[in-house]
Every structure is written in C-alpha cells, then in structure tokens.
Amino acid sequence: MTATECHYPQPFSEYVILVDDQDRQIGLAEKLEAHQKNWLHRAFSAFIFRKQPRLEILMQQRALHKYHSPGLWTNTCCSHPRMGESVIDAGQRRLQEEMGVTVILKEVGWFQYNAHFSNGLSEHEIDHVLVGEAQNDMAVHPNPGEVHAYQWMTVEDLEQDLANYPEKYTQWLGQALKMAKTGLRF
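Residues numbered from 1 in each chain as written. Predicted model: local features only at pLDDT ≥ 70, side-chain atom pairs only at ≥ 80, totals over all residues. Heavy atoms only, no water.

1. Some points on the layout of surface pockets
Move 1: Put simply, the largest pocket is a space of about 470 Å³.
Move 2: Forming the boundary of the largest pocket are 28 residues, of which Lys31, Lys66, Ser79, His80 and Arg94 lie nearest the centre.
Move 3: For the lining of the largest pocket, the leading source of residues is helix α2 (residues 87-99), giving four residues.
Move 4: Per-class residue counts for the lining of the largest pocket are eight nonpolar, seven polar and 13 charged. (1 Å grid on protein atoms, 1.4 Å probe; cavity = no way out; pocket = protein on both sides within 12 Å on 5 of 7 lines; lining within 4 Å. Points joined across faces, edges and corners; volume = space filled by probe spheres on them. Helix = DSSP H or I, 4+ residues; strand = E, 2+ residues; numbered from the N terminus. Nonpolar A, V, L, I, M, F, W, Y, C, P; charged D, E, K, R; others polar.)

Next comes the structure, spelled out in structure tokens:
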C-alpha cells in the first residue's frame, strides 16, 4: 500500500446522550456542541471513599487544559456514558482511564443542574452519583492528560473547605457530595 492509499483514522469525537428532564434518551450530540448549546445530557460523578481512621474521599484536580473548570478540584471522576453503556460501566471505565483504579461502583441517585462558565460553555446535566469503596492501600495512577493532581480528603475537611473556598471546586461537587454521602453503606 502506498502512502496515498493509506486511510488515516479520523479524530475521535465523543458523543453525549441527550435526555429529557426524566433522564429519558432523546438523542445524541457531539460533546463540545452539547456544552456550547446548553443541551441537557446524561453524566455521572463517581466518589471513591476509603476508611482510614476517618472517612476519606479521593479527589482530583482537573487537568489545566480542560475546556471548562480547568485546575478545579472535584470528585474522583466525572464524565458521560457512551451510547449503549450503563452509567456504572461508564464510571468504571473512566475511573480506570482517569485515575488508574478499579473499584465496584453503585448508583445512589441523580440530580439535574445547569452551570455556565466564563468561556461561554455550560454543563446542563442529569448527573448520576456513583460511590465505591477503596482498600486503604489502593494505588492511584492518574492520567496526566485528565488529572493535574489528586489527594485524599476527609469528608469533614472537604465540606469545610468547600464552604470557605467554593471557587476552588467544580460547580456540581457540593450537590453531588450530599447525594454521595446518603449512599455510604460499605
């Protein structure tokens, strides 16, 4: 095959599942377009907890090149399921891709929010909240393309810091954290 006969792969576009207010699928859209046009779509926020002397959450600082909320601290992982993929399967896939960890997840509920960013983009999501438990010695291997830094924080320290310095955190974190805490039965 000559160079002119080669078929180079097209850039990979991620799509999000468009939904109505009851999380019923109504279509698909390219991810960036959905964020530009403020279209309601399905997403998830995963929280990984571990039991040290006190309950801790694995937090990530979003990569500095993200197109919204760069450098802000957030829950362990957040993303969107693909067409035909459950939110649990998507959460486990993205935990491996972003943080290099594997845990069993369970869903504790969902909520809707609409956040607007200074660059004109938005997050208008039905956010499914997922929780999982890590062993205390679980190794974390973050993907630098997704995660700038990570840390374990106690729930109490996170709640206090979130109340005192909300600008350090993603807009969805507070509401998602409240729901995640309701599902803690490890």
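2. So, the pattern of salt bridges
Move 1: A complete count under the given rule lists 15 salt bridges for this structure.
Move 2: Taking the shortest distance from any N to any O, the salt bridge between Glu97 and Arg93 comes out at 3.3 Å. Pair noted here: Glu97 and Arg93 are both in helix α2, with a separation of four residues, about one helical turn.
Move 3: Overall, the relative accessible area of 16% leaves Arg93 in the buried class.
Move 4: With its nearest N and O atoms 3.2 Å apart, the salt bridge here joins Arg94 to Glu146. One end of the pair, Arg94, is in helix α2; the other, Glu146, is in the loop between β8 (122-133) and β9 (147-154), and 52 residues separate them in sequence. In terms of burial, Arg94 and Glu146 fall into one category: buried. (Salt bridge = Lys/Arg side-chain N within 4 Å of Asp/Glu carboxyl O. Buried < 20%, exposed > 50% of the residue type's maximum accessible area, 1.4 Å probe, protein only.)

Function cannot be read off these values alone, since they describe shape.
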